[in-house]
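Summary of structural features
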Amino acid sequence: MSILNRRKRKDLNPGSLTPESEPLAIKNAKIYGREEVVIPCASDDDSGSVDLQLSNLEDIKRGPSSIDLTDSDISDIPVLPWESFTDSCRQLTQQGPLGEAITEKLIQSIEEVFNGELKVLVQEEPLHSLFSPVRQEVFVTIADLSYQDVHLLFGSEDRADLFSLITKSVITLPAVRNLSQLQEVMPSGPYNSECLYRQTFQAFSEMLQSLVVKDPHLENLDTIFQHMDSWLQSAKDHERERATASMAQVLKCLSRHLSLKLPLRFQRLGHLVALMALLCGDPLKEVASEAAEGTHYLLHITLRLKYITHDKKNHQSLKRAFKKCRELLELYNIKQFYSYPFKIAQIFEVFLNSNELCQFVMTTLDGLENLKHPCTQQSAGELLITLVKNAESRFEKVPEIMGVICARLSIISQPRVRQQVINTVSLFISRPKYTDIVLNHLLCHPVPYDRHLAELWRTLEVELPSMTWILWRLLRKLQKCHNVPPQEKMVYVAVAATDALYEVFMGNRLRAATFRLFPQLLMTLLVQIHHSIGLTMSDVTIPSGLYTEQAMSSEITPLRFAMQATKTLLLRTLCWQEFNIMEKNKGWNLLEEKDSHLQGVFLLASALLERNQLLAHKVMYLLVPLLNRGNDKHKLTCAGFFVELLQSPVARRLPSIYSTDRLKDWLHHEDHLFRILALRGLCNLTRHQDMREAIQSLLPSILDILGETDERIVLLAIQILLQLVRTMDFTTLAAMTRILLSLFGDVRPDVHHFSMTLFGASIKSVKYTDKKNIESQVLESLVPLLLYSQDDNEAVAEESRRVLAICAQFLKWKLPQEVYCKDSWYTKPVEAGAICKFFGKRCKGKINILAQTLMYTKNAKLPIRRAAVLFIGLLSKYMDHSELRMKGTAWIKADLRGLLHDPEPSLRIIASQTLFRIQKVETEPEPEQTVCWLRKLMGCLHT
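We now turn to the structure provided with this report. Keep in mind that this is a model prediction, so the values were computed, not measured.

For the structure shown, the criterion picks out 23 salt bridges. A salt bridge links Glu-503 to Arg-458; its shortest N-O distance comes to 2.6 Å. Here Glu-503 is found in helix α24 (residues 492-507), whereas its partner Arg-458 is found in helix α22 (residues 451-458), with 45 residues between them in sequence. Given the relative accessible area of 5%, Glu-503 is considered buried. Residue Arg-458 is classed as partly exposed on the basis of its relative accessible area, which comes to 28%. A salt bridge links Glu-644 to Arg-680, with the nearest nitrogen and oxygen atoms 2.6 Å apart. Linking Glu-644 in helix α32 (residues 632-645) with Arg-680 in helix α34 (residues 672-685), this pair joins segments that are 36 residues apart in sequence. Its relative accessible area of 21% is what places Arg-680 among the partly exposed residues.

Quick look at the structure:
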């Protein structure tokens, strides 16, 4: 305290601080009630105008590394109508530099004051601490030493701590309006508390200004700003007001004495500009006024700074910036200009570099979140959108800005401000330079997106030309994920992008782009569904730390996001009928299952072609090049949609390389699913008459497919052959009927059914000149068709009877009506006998009908075995017994005896009866011979 005691002066004696004895400078100070602090470093000529003519600036250059610009050199910025300050710079005599040891002792003494005496006063005697002149003495001491180039607050961590401590000691004093109340509590005090406070604050302000008067470099401003930053954002009005007033005076002092020497190390210009601009919109009038004054002088400083640091090669660019600045200042009323933060942003953005602009935006975003900050969210929102709209192409830290925006959304309550923030995102994302950057950041959030991010996706507001670009880039990110090898986990971006597309569709802001990209969107989402089948989120490579809370619900799956995005896409593009068709036919369920996914794809493609041919054709043309890309799941889904669209007449316009040639290659693909798709595509192409000739060359390959084990493949092949059967040559027909005969009785009911259908169509297609050559095959089909008319599958039985009639017509036979009876033969023995008699006579000498029938006694189906056994028994009654005895019946009886042990009683009985009839044939003469002998006998008797 010895040093401080030596520094005491009479005008600082607490006992002398009365209103009557208050110095003139104090009386004129306008800290509260629009009173000002005396600025000892200000010039009398404080017009506040700035010359924006580069020619004037260039004339004042003094050297390559030092340019000193003054207000008299700059004359175009309108004058603020505020009183000029009196220049009362402290005139001190340099007494020589203090030694380092003395300086350290001085710092230690000051620290003892603040950490010792004042700390005790604050904790034990709070009222007395408010009226202590010690603070004032410290500030005066530090200021005087600064003018002697002894800087107690710069240079080390300890000195920075001291700076912070003494700043806090002033800013946190109670509000002035509370001082009179405290004075009443302590009426015996020997001093006027309000006057003491005013002098203390004046000393503090002078101390700050002294730090830049003797060393007016931006580095010192940076240090001061670091200590004032948090107080400028205080939630307490009086603290914020003091900090703003102090900063304004520092900026004014620095603007009058600024020495620009390279290198410049002020790293927080953007942050300072933003904070002062936000304070200009402060709801507290005093704060806004002080901030406006400080911003005015900050503009002076910025102009000088940008001129000295600008790239000489971009001289014209700087010239344009000055011109724009001047035009804006001329456009706005000077008082109103500093009352609107967004106008301030328009001025400063033309001079700030990319890093400073990012600081500006980040600070503005802090203003939206920081509850200590009193500026309205609306002012911050306007400032933000103005700055980004005018300078969005110059930002370099867009990911950081996006991070802050996403974090702030949850605390912004005003709808208008929320939309302004979202519009900021829209501005960034609509610029190709930033689109991927913004998307990458937004796609790194947990899914499903919370309501704030969902709102952002849904309310993106961009111009029409940019809509498609944004949606396309989002789509491409999803498409790239489909190239991951199948054995690896799904990339998280795929799930996030799918959820993002869903939110975009829900918002419907990008509807025009959605229509334009419908083919790509639909196919990509269908492929994503295929990739997502059977997966959980554990099958996704989730970035570490993304989900930090409780375990994810099992209902959240990649498939869920893909399905809801696909459904929403259809609804938003007015595909209501297609959606309804999928729903009624359980198409959505088909899409979700591995084994039925392609069926769902077929159904959707068919529905789209039926209800919206324009969109369907757009998808078809898109798929032509897509079929050769991606992995198997991508190709299968796309191929499934493509082959279904080949039903359209437009398919005839496709070059053969994209239609029949491609399908021919798929016929020999190792994956049976591609063979199915090839056949389905060929089947659709056969609907076009002019396409059938091109498919004729594929008939040999299609006939070979009839031997496949996959039922779907065989049925599709049959379906194609049915379309082409009338155009086949006889050789192909004959080869096909031989194969079809082998499919009669196939365990696959549909294969059995349609093989008979195709056989009947083939017989009807035989030309008259070729009938003789195929008659044997027709005869061979009679027994199978006859027996399968007794099948328990009514469709098979009915088709057998129908084709049997075709064969009879071919042979020019007239079948007995009993053939068309639907009752089982064993319940109608008379009708069964008539059928056997007819076929026994008609087939005699043409086929071995007994041997052929006996083969079916081993059939897997009970009705067929039973019909065959019954047919043998009845047939033996009408056969040539001598011929039967000559050939022997042992082989027949051997098979019949085996049936006597069949588990089905009805078959055992019928087998027993048939065996009896066969044995009887061996011992009895033929009925025909007996009749002839009797007739001869009767003839002899008659004669």
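Turning our eyes to something else, we now look at the environment of Glu-396. You can see Glu-396 is positioned in the loop between α18 (377-391) and α19 (398-408). In this structure, the C-alpha to C-alpha distance between Glu-396 and Glu-356, residues 40 residues apart in sequence, is 9.8 Å. With near-sequence residues (within four places) excluded, Glu-396 lies in contact with Ser-354 and Cys-358.

We now examine a positive patch on the surface. A surface patch of positive charge is lined by Lys-837, Lys-841, Lys-877 and Arg-917. Mapping Lys-841 onto the fold places it in helix α42 (residues 829-842). Residue classification places Lys-841 among the exposed positions, given a relative accessible area of 58%.

According to the stated counting rule, one finds 13 aromatic pairs in the structure shown. Centroid distance Tyr-449 to Trp-457: 6.2 Å. Interplanar angle 45°. Geometry classified as tilted. In this pair, the class of Tyr-449 matches that of Trp-457, namely buried. Measuring from ring centre to ring centre gives 5.9 Å for Tyr-788 and Tyr-856, while their planes differ by 85°; the resulting arrangement is edge-to-face. Residue Tyr-788 is located in helix α40 (residues 771-788), and its partner Tyr-856 is located in the loop between α43 (849-855) and α44 (862-878); the two are separated by 68 residues in the primary sequence. In this pair, the class of Tyr-788 matches that of Tyr-856, namely buried. Three or more aromatic residues joined by ring pairs form one cluster here, namely Phe-139, Tyr-197, Phe-201 and Phe-204.

Take the environment of Gln-420 next. Examined against the element boundaries, Gln-420 turns out to sit in helix α20 (residues 415-429). Accessibility expressed as a relative area gives 9% for Gln-420, which makes it buried. In this structure, the C-alpha to C-alpha distance between Gln-420 and Thr-386, residues 34 residues apart in sequence, is 9.6 Å.

A separate point is helix α30 (residues 597-611). In this model α30 runs 21 Å from its N-terminal to its C-terminal C-alpha over 15 residues, within 8% of the 21 Å that 1.5 Å per residue would give. Among the 15 residues that make up α30, 11 are buried, leaving the element largely enclosed by the rest of the structure. Burial in α30 covers these residues: His-597, Leu-598, Gly-600, Val-601, Phe-602, Leu-603, Leu-604, Ala-605, Ala-607, Leu-608 and Leu-609.

In this structure, the largest pocket encloses a volume near 670 Å³. Along the wall of the largest pocket there are 32 residues; nearest its centre are His-530, His-531, Ile-533, Lys-594 and Lys-633. Mapped onto the lining of the largest pocket, the elements with two or more residues apiece are β3 (490-491), α26 (518-532), α30, α32 and α34. With four residues, the top contributor of residues to the lining of the largest pocket is α30. Residues of the lining of the largest pocket, tallied by class, amount to 14 nonpolar, nine polar and nine charged.

Our next topic: the packing of helix α37 (residues 711-724) against helix α39 (residues 749-765). Remark: α37 packs on α39, axes separated minimally by 10 Å, with the N-to-C direction vectors making an angle of 20°. By the angle class used here, α37 and α39 are roughly parallel. Both α37 and α39 take part in a crossing whose hand is left-handed. Along its contact with α37, which presents Glu-711, Val-714, Leu-715, Ile-718, Leu-721 and Leu-722, the element α39 presents Asp-750, Val-751, Phe-754, Ser-755, Thr-757, Leu-758 and Ala-761. Here the residues of the contact of α37 with α39 are counted per class, giving nine nonpolar, two polar and two charged.

On to the nonpolar core, then. Phe-395, Trp-457, Phe-641 and Phe-839 are the most contacted members of the largest nonpolar core, which has 285 residues in total. Phe-395 has contacts with Leu-357, Cys-358, Val-361, Leu-387, Val-388, Ile-401, Phe-428, Lys-433 and Tyr-434, leaving out every residue within four places of it along the chain.

A cis amide bond links Val-447 with the next residue in sequence, Pro-448, at an omega value of -5°. Phi at Leu-574 takes a positive value of approximately 65°, unusual for a residue other than glycine. Along the chain, the position of Leu-574 falls in the loop between α27 (558-572) and α28 (576-584). In the Ramachandran plot, Lys-586 falls in the positive-phi region, its phi being about 55° despite a non-glycine side chain. By relative accessible area, Lys-586 is classed as exposed at 55%.

Definitions and cut-offs
Numbering of residues starts from 1 in each chain and follows the order in which that chain's sequence is written. For a predicted model such as this one, the threshold for reporting local features is a pLDDT of at least 70, and the threshold for listing and counting side-chain atom pairs is 80 or more; totals across whole chains, interfaces and linings nevertheless cover every residue. Hydrogen atoms and water are omitted, and side-chain values are computed over all heavy atoms in the structure. Within this document, salt bridges are pairs made up of a side-chain nitrogen of Lys or Arg and a carboxyl oxygen of Asp or Glu, the two lying within 4 Å of each other. Numbering of helices and strands runs from the N terminus, with a helix taken as a DSSP run of H or I at least four residues long and a strand as a DSSP run of E at least two residues long. Only protein chains enter the accessibility calculation, which uses a 1.4 Å probe; a residue whose area is less than 20% of its type maximum is buried, one above 50% is exposed, and one in between is partly exposed. Contacts: residue pairs with any heavy atoms within 4.5 Å of one another. Patch membership requires over 30% relative accessible area and the absence of a salt bridge. Like charges are linked within 9 Å, and nonpolar side chains (Val, Leu, Ile, Met, Phe, Trp, Tyr) within 5 Å. Here the accessible surface of atoms and residues is derived via Shrake-Rupley with a 1.4 Å probe, and residues count as covered only by protein chains that are part of the display. His is not counted, nor are the chain ends; Lys and Arg add positive charge and Asp and Glu add negative charge. Where a charge lies is defined by one atom per residue type, namely NZ (Lys), CZ (Arg), CG (Asp) and CD (Glu). Stacked, edge-to-face and tilted are the three classes for Phe, Tyr and Trp ring pairs, Trp counted by its six-membered ring, which pair at centre distances within 6.5 Å; planes under 30 degrees apart are stacked, over 60 edge-to-face, the rest tilted. To estimate how far a helix should extend, the number of its residues minus one is multiplied by 1.5 Å. Only protein atoms enter the 1 Å grid used here, on which a cavity is any set of points holding a 1.4 Å probe that cannot leave and a pocket is any open set flanked by protein within 12 Å on both sides along at least five of seven lines; residues with an atom within 4 Å of a point are listed as lining. Grid points are joined across faces, edges and corners, and a volume is the space filled by probe spheres set on the points. Residue polarity follows a fixed list, in which Ala, Val, Leu, Ile, Met, Phe, Trp, Tyr, Cys and Pro are nonpolar, Asp, Glu, Lys and Arg are charged, and the others, Gly among them, are polar. Axis definition: a line fitted to C-alpha atoms, over the contacting stretch in the case of helices. Angles run 0 to 180 degrees between N-to-C directions. Put simply, angles under 35 degrees are roughly parallel, angles over 145 are roughly antiparallel, angles from 65 to 115 are roughly perpendicular, and the rest are oblique. Note: crossing handedness is left-handed where the near helix turns anticlockwise from the far helix by less than a right angle, and right-handed where it turns clockwise. In this description, a nonpolar core means a group of buried Ala, Val, Leu, Ile, Met, Phe, Trp, Tyr and Cys residues linked to one another through side-chain atoms lying within 4.5 Å.

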